[in-house]
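For reference, the chains in residue letters:
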Amino acid sequence: MIPALDFSGLKEARWWQFAVRFFLGGAVTVCTGLIAERFGPVVGGLFLSFPAIFPATATLIERHETEKKSKAGINGRARGRKAAALDAAGAIFGGWGMLCFGCAAWLALPRYSTGLALALAAILWLIVSASLWWGGRHWGG
Amino acid sequence: MELLWRFLLGGAMVSSFALIGDVLRPKRFAGIFGGAPSVALATLALTAAKSGSAIAALEARSMILSSLGFVLYVYVAQKLLATARWSPLLVSLGGLTIWGLVAVMAGLLLRFAGT
């Protein structure tokens, strides 16, 4: 299956679900900055990989899937957990990509402008993550 | 004022990557956005602007080690969600201790390595 856009899930989403993710993302970034200020960049940097997206997304996916399947008379909860497990499987690939992002940012930041260094690191994250997903599909990972 | 910028930029980054994951299919591909470096992009950009690229690079180096904690965290979460009967909320929040333990070990390693 080729990745594609599907906006139907957005119709089921509530405004507060977006607000929660915005608040969590903002709060984690503020805390990371405060920790780096107090304990230095080596300790502060550890928090750059904090799972800010996965917990909220996995919970939302389960809720949507449970509601959808329950309406169709299927055991919604089990389906919801399976959908969240699929999301987690993808996040594993994203995590390896995140590690590569860190390597690229570490090497590129002292050499190039901040914008270029972070853009290169983000592109590498996407290439590594998507390649692992693609490889997993083709070689059963 | 700086904290407000941090909050807005971090919130916008996390929301944007999460939103992209929401509208992508299949679900397993969309899941890679759960591992997007959203906090890292916001923090590194602000650190580089405030303290310079060398300090931001130090933060990125620490992130390499703690990313291993992220991978272990989502790996365990995936196994539990696929086999156990626990809710994603319990698994994803309880599992944060795994990420935390790896981050603490990475911090100690960097400290003893004298960096």
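Residues numbered from 1 in each chain as written. Chains lettered and ligands numbered in written order. Predicted model: local features only at pLDDT ≥ 70, side-chain atom pairs only at ≥ 80, totals over all residues. Heavy atoms only, no water.

Student: Looking at this structure, I do not really get the overall build of chain A. What am I missing?
Tutor: When helices and strands are tallied, chain A shows 6 helices and 1 strand. Each helix and strand of chain A, ordered N terminal to C terminal, gives the series β-α-α-α-α-α-α. Its C-alpha atoms give chain A a radius of gyration of 18 Å, clearly above 14 Å, the size a compact globule of 141 residues would have. Looking at chain A residue by residue over its 141 residues, the buried ones come to 50%. In chain A, once contacts between residues fewer than 6 apart in sequence are set aside, the share between residues at least 24 apart is 53%. Accessible surface, chain A as shown: approximately 7,100 Å² in total, 69% of it carbon and sulfur. The averaged location of the 7 negative side-chain charges in chain A is 3 Å from the averaged location of its 14 positive side-chain charges. (Helix = DSSP H or I, 4+ residues; strand = E, 2+ residues; numbered from the N terminus. Rg over C-alpha atoms; globule rule 2.2 N^0.38 Å. Buried < 20%, exposed > 50% of the residue type's maximum accessible area, 1.4 Å probe, protein only. Contact = heavy atoms within 4.5 Å. Areas by Shrake-Rupley, 256 points an atom, 1.4 Å probe, with all protein chains shown as cover. Lys, Arg positive; Asp, Glu negative; His and termini not counted. Charge placed at Lys NZ, Arg CZ, Asp CG, Glu CD.)

Student: Mind showing me how you'd approach the packing of helix α2 (residues 15–39) of chain A against helix α3 (residues 38–51) of chain B here?
Tutor: In a packed pair of helices, the relevant descriptors are the angle between the two axes and the axis-to-axis distance. At a minimum axis distance of 10 Å, the contact between α2 of chain A and α3 of chain B shows a crossing angle of 45 degrees. The pairing of α2 of chain A with α3 of chain B is recorded here as oblique in orientation. Read as a crossing pair, α2 of chain A and α3 of chain B show a hand that is right-handed. Where α2 of chain A abuts α3 of chain B, its residues Val-28, Thr-29, Thr-32 and Glu-37 of chain A lie against Val-39, Ala-42, Thr-43 and Lys-50 of chain B. Its residues assigned to classes, the contact of α2 of chain A with α3 of chain B comprises 3 nonpolar, 3 polar and 2 charged. (Axes fitted to C-alpha atoms, helices over the stretch in contact; angles between N-to-C directions. Parallel < 35°, antiparallel > 145°, perpendicular 65-115°, else oblique. Left-handed = near helix turned anticlockwise from the far one by under 90°. Nonpolar A, V, L, I, M, F, W, Y, C, P; charged D, E, K, R; others polar.)

Student: Would you mind going over the pattern of salt bridges with me for this structure?
Tutor: Pairs can form between side chains of opposite charge whenever their charged atoms are close. What the rule picks out here adds up to 8 salt bridges over all chains. Ionic pairing is found between Lys-50 of chain B and Glu-37 of chain A, a salt bridge with its closest N-O pair at 3.0 Å. A residue pair is termed interchain when its members come from two chains, as with Lys-50 of chain B in helix α3 and Glu-37 of chain A in helix α2. Between Lys-27 of chain B and Glu-65 of chain A there is a salt bridge; the shortest N-O distance is 3.6 Å. Here the residue Lys-27 of chain B occupies a position in helix α2 (residues 27–30), and Glu-65 of chain A occupies one in helix α4 (residues 54–71), the pair thus bridging two chains. One network of salt bridges, with partners in common, ties together Glu-37 of chain A together with Glu-2, Arg-6 and Lys-50 of chain B. (Salt bridge = Lys/Arg side-chain N within 4 Å of Asp/Glu carboxyl O.)

Student: What's the story with unusual backbone geometry in this structure? I'm lost.
Tutor: Phi is mostly negative for residues that are not glycine, and the peptide bonds are mostly trans. Each neighbour pair has its own omega, and for Arg-25 of chain B with Pro-26 of chain B the value is 0 degrees, a cis peptide bond. Within the element layout of this structure, Pro-26 of chain B appears in the loop between β1 (24–25) and α2.

Student: Explain α2 of chain A here, please?
Tutor: Because an α-helix packs 3.6 residues into every turn, residues spaced three or four apart end up facing the same way. Residues and elements named next belong to chain A. Taking 1.5 Å per residue, 25 residues should reach 36 Å; α2 reaches 36 Å between its end C-alpha atoms and fits that length. For α2, the full list of buried residues reads Gln-17, Arg-21, Gly-25, Gly-26, Val-28, Thr-29, Val-30, Thr-32, Gly-33, Ile-35 and Ala-36. Taken from the residues just after α2, Gly-40 is the one with a positive phi, measuring 100 degrees. (Expected span 1.5 Å × (residues − 1).)

Student: Would you explain the interface of chain A and chain B in this entry?
Tutor: Interfaces are often sized by the accessible area lost when the parts come together. Chain A puts 76 residues into the contact, and the matching count from chain B is 76 residues. A buried area of about 6,900 Å², summed over both sides, lies between chain A and chain B, and 77% of it is on carbon and sulfur atoms. Across the contact surface, chain A and chain B share 4 salt bridges. Across the contact surface, chain A and chain B share 11 residue pairs in polar contact (both at pLDDT 80 or more). Among the secondary structure elements, those contributing two or more residues to the side of chain A that touches chain B are β1 (4–5), α1 (8–12), α2, α3 (41–44), α4, α5 (76–108) and α6 (114–139) of chain A. It is α5 of chain A that provides the largest number of residues to the side of chain A that touches chain B, a total of 23 residues. (Buried area = accessible area lost by both parts, 1.4 Å probe. Polar contact = N/O pair within 3.5 Å; in protein donor to acceptor, adjacent residues only side chain to side chain.)

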